[in-house]
Amino acid sequence: GAGSPSPDYYVEFPFYTRISQFFRHEESMVRAAVRTCTLNIYSVKDPDVRNFLTHSEEAAAYLVNLGKYVVEQCQALVVILPATRQGTIDPKRLDVALEELDDIF
């Protein structure tokens, strides 16, 4: 429509690009801050922001990597749950894994 950016139009978004690099940071508070910031950015209705999120490699890479991370966490649970039931692993490991998934969602 009128005033809409063309798909060839590209906006840089250094803040998003920088914070998305920390999505797998060892500190859970950093990961939580990344998720909070990205979710807030996704809620912005500005056409330039929307164009960036729908056309940039950075935004696509973040979502792909986040999806892979969720899969990895679920795969870890597949191993941890039976081991916890069998008593071959410390139950605290299950708590940590569940907390990580809770933080993601």
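Attention here is on the structure that accompanies the text. Given the structure is predicted, the values throughout are model-derived calculations rather than measurements.

For the rest of this paragraph, the subject is the pattern of salt bridges. Taken as a whole and assessed by the stated rule, the structure comprises two salt bridges. Notably, a salt bridge pairs Glu 72 with Arg 24, separated by 2.2 Å at the nearest N-O pair. Of this pair, Glu 72 sits in helix α4 (residues 57-86) while Arg 24 sits in the loop between α1 (14-19) and α2 (28-42), placing them 48 residues apart in sequence. On the accessibility criterion, Glu 72 (33% relative accessible area) is partly exposed. Judged by relative accessible area, which is 42%, Arg 24 ranks as partly exposed. Close ionic contact of Arg 31 with Glu 100 constitutes a salt bridge, the shortest N to O distance being 2.5 Å. With Arg 31 in helix α2 and Glu 100 in helix α5 (residues 91-104), this pair connects stretches of sequence that are 69 residues apart.

On to the packing of α2 against α4, then. Look at α2 against α4: their axes get within 13 Å of each other, and the N-to-C directions meet at 135°. By the angle between their axes, α2 is oblique relative to α4. Remark: the crossing between α2 and α4 carries left-handed chirality. Here Arg 31, Val 34, Arg 35, Thr 38 and Tyr 42 of α2 come into contact with α4, specifically with Tyr 62, Leu 63 and Tyr 69. Split by residue class, the contact of α2 with α4 holds five nonpolar, one polar and two charged.

About the criteria used
- Every chain begins its residue count from 1, and numbering advances along the sequence as written.
- Side-chain atom pairs in this predicted model are given and counted only at pLDDT of 80 or more, local residue features only at pLDDT of at least 70, and totals for whole chains, interfaces and linings cover all residues.
- The side-chain figures draw on all heavy atoms in the structure; neither hydrogens nor water molecules are used.
- Should a side-chain nitrogen of Lys or Arg be within 4 Å of a carboxyl oxygen of Asp or Glu, the pair is scored as a salt bridge.
- Here a strand is any run of E in DSSP of at least two residues, a helix any run of H or I of at least four, and the numbering for each starts at the N terminus.
- Per-residue accessibility, obtained with a 1.4 Å probe over protein chains only, is compared with the maximum for each type, and a residue is labelled buried under 20%, exposed over 50%, and partly exposed between these values.
- Throughout, an axis means a line fitted to C-alpha atoms (over the contacting stretch in the case of helices), and angles, computed between N-to-C directions, take values from 0 to 180 degrees.
- Angular relationships are summarised with four words: roughly parallel below 35 degrees, roughly antiparallel beyond 145, roughly perpendicular across 65 to 115, and oblique for the angles in between.
- Crossing handedness follows the turn of the near helix against the far one: under a right angle anticlockwise gives a left-handed crossing, and clockwise gives a right-handed one.
- The contact criterion used is simple: two residues touch if any of their non-hydrogen atoms lie within 4.5 Å.
- Each residue receives one of three labels: charged for Asp, Glu, Lys and Arg, nonpolar for Ala, Val, Leu, Ile, Met, Phe, Trp, Tyr, Cys and Pro, and polar for the others, Gly being one of them.

Any functional reading would require information that these geometric values do not contain.
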